[in-house]
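Inside the fold
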Amino acid sequence: MDLLEYQGKQLLARHAIPVPVGKPASTVDAAAGAASEIGYPCAIKAQVQIGGRGKLGGIKIATTEAEARQHASAILGMDIRGLTVRELWVEAASEIAAEYYASIVFDRGAKAALVMLSTRGGMDIEAVAAETPEAIASLHVDPLIGLQPFHARRLAFEAQVAEDVVRPVGAFLDALYRTFVQEEAMLVEVNPLVITPARVLVALDAKVTLDDNALYRHPENAALRDLSAEDPQERMAKQRDLVYVKLDGDIGVLGNGAGLVMSTLDVVAQHGGKPANFLDAGGGAKADAITAAVEVILSNRSVKAVLFNIFGGITRCDEVARGLIEAFETIKPTVPFVVRLDGTNSVEGRELLAGAGLANVHAVDTMDAAAARVVELAR
Amino acid sequence: MSVLVDRDTRLCVAGITGREGRFHTLNNRNYGTAVVSGVTPGKGGQDVEGIPVFNTFREAVAASEANTTMIFVPPPFAADSILEAADAGIATIVAITEGIPAHEELRTYAQLQRMPGIRLIGPNCPGVLSPGKANVGIIPAAFFREGNIGVVSRSGTLTYQVGNELARRGFGNSSIVGIGGDPVPGSSFVEVIALFEADPETELIVMAGEIGGRAEEEAAEYIAAHVTKPVVAYIAGFTAPPGKTMGHAGAIVSGTQGTAAAKAAALEANGVQVGRTPTAVADIVVAILNS
């Protein structure tokens, strides 16, 4: 789960990391009110889950209430790389002597946390990483030992931070690592990590991704879960707990297991079709989940035909058949369905489907033939 | 022969008294797997259709000489169960549980690295099937038969699809190993491919990967340096758009890293034939085995 900047900052603040004073706002009036309360100058910042907003005009400094209103109204509703700005974060402007970069990422390849530090933070960190990777100090941390003071010192010296902030940077990295572990994050990134003229460290931005599988024991974080996806089908799917990704074609696809569904998309494309979505009904999907999935797939008006590709292991084909039959009773689809049922209880599933005599449902035995058929029907 | 599970497997099931745990335990036993015990804390002394249940792994191992375990407990308790099995000296741990928190997987992996001789398959995997010998997990065994093709895969149902395409052409498997799609799999392609390379019964290896991460690229390098048997690969996700998570925690493309095209190119550059669909994979396998 990705957090918005201000949610990430509130999380960092809980672990004693200094962040600027600020307030969220979703209207121009609220933003102006927040600005007056915080005092001028203050920053008006777009809250979107995508990088690069600064360069696109999503961050402005206001020195008066009139300016705060003007910036808030310009930024609210702005499109930043396909995302509409619906929320602002108004915060006290910080004095900046230097901009550093610090992050901890869950490195799957190395099977360890990767800690990175650089004195060249700010908007061009990606260029720094590409052109002068030696300007970013990094190391992996053994999860059973954790980040030790010597790790933090090594990073600070290797990154050549100013001598007078070696100790504060060490303390900051320690707090950042504690945040990463205790909140069970996949990423915590602070860019820029500002050094003020008074030589105080402040996290001026925060990018935090939390592990969805751990949210059950972090109720405070789970409450931040955002069910308001941009796309109406993706929103519907989130609310129904389905893994759905919208694509731009006209063939609805449902399967069980991420690998098989990805493979199904590829095979449909090989036959000249264009998938309208990725939908993984998951392991052990029951009839009601299948019905909900059909509803989500068909709510996309571009869909001209639907392919069900099920290879039952823990999922039972008779449950899938029952779900499809129920979907036909309640939703009454008008587009053709191609259904391939294989694996656990496939005989029972096929019999159920045949017995229901649903119009416009085509049973096909193999994945390849099913893909070919659905492409033909979508024409 | 086969890899990981066979007629010498003595299986202890963690979470044997749960609904799903019980169902698949009995399935595995019906297939012929020697299921010798189960562990559910607080239910020691009971039995599941004659299989004795113990409170701890130490008791279960002492009483039943279990050498393999299947972990079927809910995600909040699964990492603990894996570590308990390792502590009791169980050499082969197959973790089916999906949804273990990533940081726990990381700590568990790091701990198991310090315990030589103990191997974890999964978590979030369908298990291991050695047709005709033993089934440990949830793979629908009826669809596979004995043979000489080793299959290793990150995705459960994709494994079934590939195995099924081979079965339709009359080919069977030495073993089918699902390594799981989680951020920190206990065993990687490389480790399982090494087992197949050493297994005299395996003539050819099929690996089914997917977008995201570097596991397939690492396997490609390993195969070029260490594997003499033919390897045929499949990669799912050629049409996956960048930046979107495709279900599995690992299945995300970022930039040009981890794309299906990049993985296929890495494999082909190292002498591994790549089929663009599961059907094409089976056709390549047939061509190699008949030549």
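Here's the deal with the overall build of chain A
In terms of helices and strands, chain A carries 13 helices and 18 strands. Each principal axis of the C-alpha atoms in chain A carries an extent, and together these give about 80 × 50 × 40 Å. Here chain A, with 379 residues, has 46% of them falling under the buried criterion. In chain A, 70% of the contacts between residues at least 6 apart in sequence involve partners at least 24 apart.

Observations concerning the pairing of strand β4 (residues 51–54) of chain B
Residues and elements named next belong to chain B. Relative to β4, strand β2 (residues 34–39) runs parallel, the two sharing two bridges. Across the sheet, the residue bridging to Val39 is Phe54, located in β4. Across two bridges, the pairing between strand β3 (residues 47–48) and β4 is antiparallel. The residue of β4 that forms the bridge with Asp47 is Pro52. Following β3, the chain reverses through two residues before pairing antiparallel with β4; Glu49 in that reversal takes a positive phi of roughly 50°.

Things to note about the domain arrangement of chain A
What the domain assignment reports for chain A is domain 1 (21–92), domain 2 (98–222) and domain 3 (232–378). Computed from C-alpha atoms alone, the centre-to-centre distance between domain 1 of chain A and domain 3 of chain A is 43 Å.

Considering the sheet that holds strand β2 (residues 42–46) of chain A
All names here are of chain A. Spatial strand order, β1-β6-β2-β3: four strands in an open sheet with antiparallel pairing. Of all strands in the sheet, those with a lone pairing partner are β1 (22–25) and β3 (59–62), marking the two edges. Within the sheet, the average angular offset between the axes of one strand and its neighbour, ignoring direction, is 20°. Direction of pairing for β2 relative to β3: antiparallel, over a ladder of four bridges. Bridge assignment links Cys42 to a residue of β3, and that residue is Ala62.

Rules used in this analysis
- Residues numbered from 1 in each chain as written.
- Chains lettered and ligands numbered in written order.
- Predicted model: local features only at pLDDT ≥ 70, side-chain atom pairs only at ≥ 80, totals over all residues.
- Helix = DSSP H or I, 4+ residues; strand = E, 2+ residues; numbered from the N terminus.
- Buried ≥ 20, exposed ≤ 12 C-beta atoms within 10 Å, placed from the backbone.
- Contact = placed C-beta atoms within 7 Å.
- Pairing = 2+ DSSP bridges.
- Domains from an automatic or database assignment.
- Axes fitted to C-alpha atoms, helices over the stretch in contact; angles between N-to-C directions.

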